[in-house]
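Chain residues, written in single-letter form:
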Amino acid sequence: MIRVLVVDDEELVRSGLRMILEAAGGISVVGEARDGDEAVTAAARLRPEVVLMDVRMPGTDGLAAAARVLAGERAPKVVMLTTFDLDEYVHEALRLGAVGFLLKDTPPRELAAAVRTVAAGQAMLSPTVTRRLISAFADRAPSRADRARERLALLTGREEDVIRCLARGLSNAEIGRELHLTEATVKAHVSRVLAKLGLANRVQAAVLVHDADLG
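Residues numbered from 1 in each chain as written. Predicted model: local features only at pLDDT ≥ 70, side-chain atom pairs only at ≥ 80, totals over all residues. Heavy atoms only, no water.

Please provide a residue-by-residue account of the overall build of the chain, values included.
Counting its secondary structure elements, the chain contains eleven helices and five strands. Per-residue burial for the chain yields a buried fraction of 47% across its 215 residues. Once local pairs closer than 6 in sequence are excluded, the contacts in the chain between residues at least 24 apart make up 68%. For the chain, the accessible surface area stands at approximately 10,300 Å², while carbon and sulfur atoms represent 51% of it. (Helix = DSSP H or I, 4+ residues; strand = E, 2+ residues; numbered from the N terminus. Buried < 20%, exposed > 50% of the residue type's maximum accessible area, 1.4 Å probe, protein only. Contact = heavy atoms within 4.5 Å. Areas by Shrake-Rupley, 256 points an atom, 1.4 Å probe, with all protein chains shown as cover.)

Laid out in structure tokens, this is it:
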């Protein structure tokens, strides 16, 4: 049973998410929170595996709350809830270590599948919506781009090929087909890339590539 904490300032949204997730089977909504402060307290007390965190809330917003939740011990997977007019906040959340995001109008089946995906340890990097989000709102200031390129310079040519594929939202199997590698070899490359760059997940790798203006 996957333990989920739902965080949103609107009761109707929280109730809807609870109903959808628990109807899917194998998912239990162990708690709800109305703002960022409640979210931090609930995450520490309830120890959920996944936190669905609204971006904009009164008081402590989702971004500040995500930073605090992710800094704690045994941090859960944090997925931001957003609409397109708030995408710039989600980009910053990805930098902090959130594993992805969901639009609030995500179909019920996709919502449950997304929770299972992140609970299994995989980042949610949509090859369409997420890439558009990161590209549109990435801060391309020269200093940040230069720092990103310096970090990527640590990679071998093959590792750079792999991380560019990650930035496009490709799965390990898709990367393997494109680069003519076995899926096991791709998995090993991904692990080395993340370790070498000090990144927590594939989403942060994609953000780094886009910061370097290479995506």
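Next comes the rest of the description.
Mind laying out the sheet that holds strand β3 (residues 50-54), listing which residues take part and the relevant values?
The five strands lie next to each other as β2-β1-β3-β4-β5, forming an open sheet whose pairing is parallel. The sheet is open, and its two borders are formed by β2 (27-33) and β5 (100-103), each paired with just one other strand. Between one strand axis and the next, the sheet turns by 25 degrees as a mean value, whatever way the strands run. Where strand β1 (residues 2-7) meets β2, six bridges bridge the pair, whose relative direction is parallel. Among the inter-strand pairings, L5 is bridged to a residue of β2, identified as G31. Lying on the sheet, helix α1 (residues 11-24) is in contact with β1, β2, β3 and β4 (77-82); it crosses β2 at an angle near 170 degrees. In this fold helix α3 (residues 62-70) packs onto β3 and β4, with an angle of close to 175 degrees to the strand it touches most, β4. (Pairing = 2+ DSSP bridges. Axes fitted to C-alpha atoms, helices over the stretch in contact; angles between N-to-C directions.)

So what about unusual backbone geometry? Which residues, and what values?
Non-glycine residue R47 carries a positive phi angle of around 50 degrees. Summarising the element assignment, R47 is placed in the loop between α2 (36-46) and β3. Of note, H180 is a non-glycine position whose phi angle comes to about 60 degrees, a positive value. Here H180 lies in the loop between α9 (172-179) and α10 (183-197).

Residues and numbers for the environment of R144, please.
Relative to the helices and strands, R144 resides in helix α7 (residues 142-152). Sequence separation of R144 and D211 is 67 residues, and the distance between their C-alpha atoms is 6.7 Å.

Can you tell me about the packing of α9 against α10, naming the residues and giving the values?
Taken N-terminus to C-terminus, the directions of α9 and α10 make an angle of 105 degrees; their axes are 8 Å apart at the nearest point. By the angle class used here, α9 and α10 are roughly perpendicular. On the side of α9, the interface is formed by N172, A173, I175 and G176, while α10 contributes E183, V186, K187 and V190. Looking at side-chain class alone, the contact of α9 with α10 contains four nonpolar, two polar and two charged residues. (Parallel < 35°, antiparallel > 145°, perpendicular 65-115°, else oblique. Nonpolar A, V, L, I, M, F, W, Y, C, P; charged D, E, K, R; others polar.)

Outline the pattern of salt bridges, supporting the account with residue identities and numerical values.
The full count for this structure, using the stated rule, is 13 salt bridges. Salt-bridge contacts for D37 lead to R68; the nearest nitrogen and oxygen are separated by 3.0 Å. Of this pair, D37 sits in helix α2 while R68 sits in helix α3, and the two are 31 residues apart along the sequence. R149 is the partner of D146 in a salt bridge, and the nearest nitrogen-oxygen pair spans 3.4 Å. Placement of both D146 and R149 in helix α7 is noted, with a separation of three residues, approximately one turn of the helix. (Salt bridge = Lys/Arg side-chain N within 4 Å of Asp/Glu carboxyl O.)

Account for α9, naming residues and giving values.
If you check which residues of α9 are buried, you get N172, I175, G176 and L179. Viewed end-on, α9 has its buried residues packed into an arc of 100 degrees, placing them on one side of the element. On its buried side, α9 packs onto α8 (157-167), α10 and α11 (202-211). Immediately downstream of α9, the backbone of H180 shows phi near 60 degrees, a positive value. (Arc of directions from axis to C-beta.)

Go over helix α5 (residues 108-119), please, and point to the residues and values.
With twelve residues, α5 should reach 16 Å at 1.5 Å per residue; the first-to-last C-alpha distance of 17 Å fits that figure. Three or more residues of α5 are buried, namely L111, A112, A114, V115 and V118. Buried residues in α5, looked at end-on, bunch into an arc of 155 degrees, giving them a common side. Residues of α5 that are buried make contact with β1, α1, β2, β3, β4 and β5. Two residues or fewer after α5 comes G121, characterised by a positive phi angle close to 95 degrees. (Expected span 1.5 Å × (residues − 1).)

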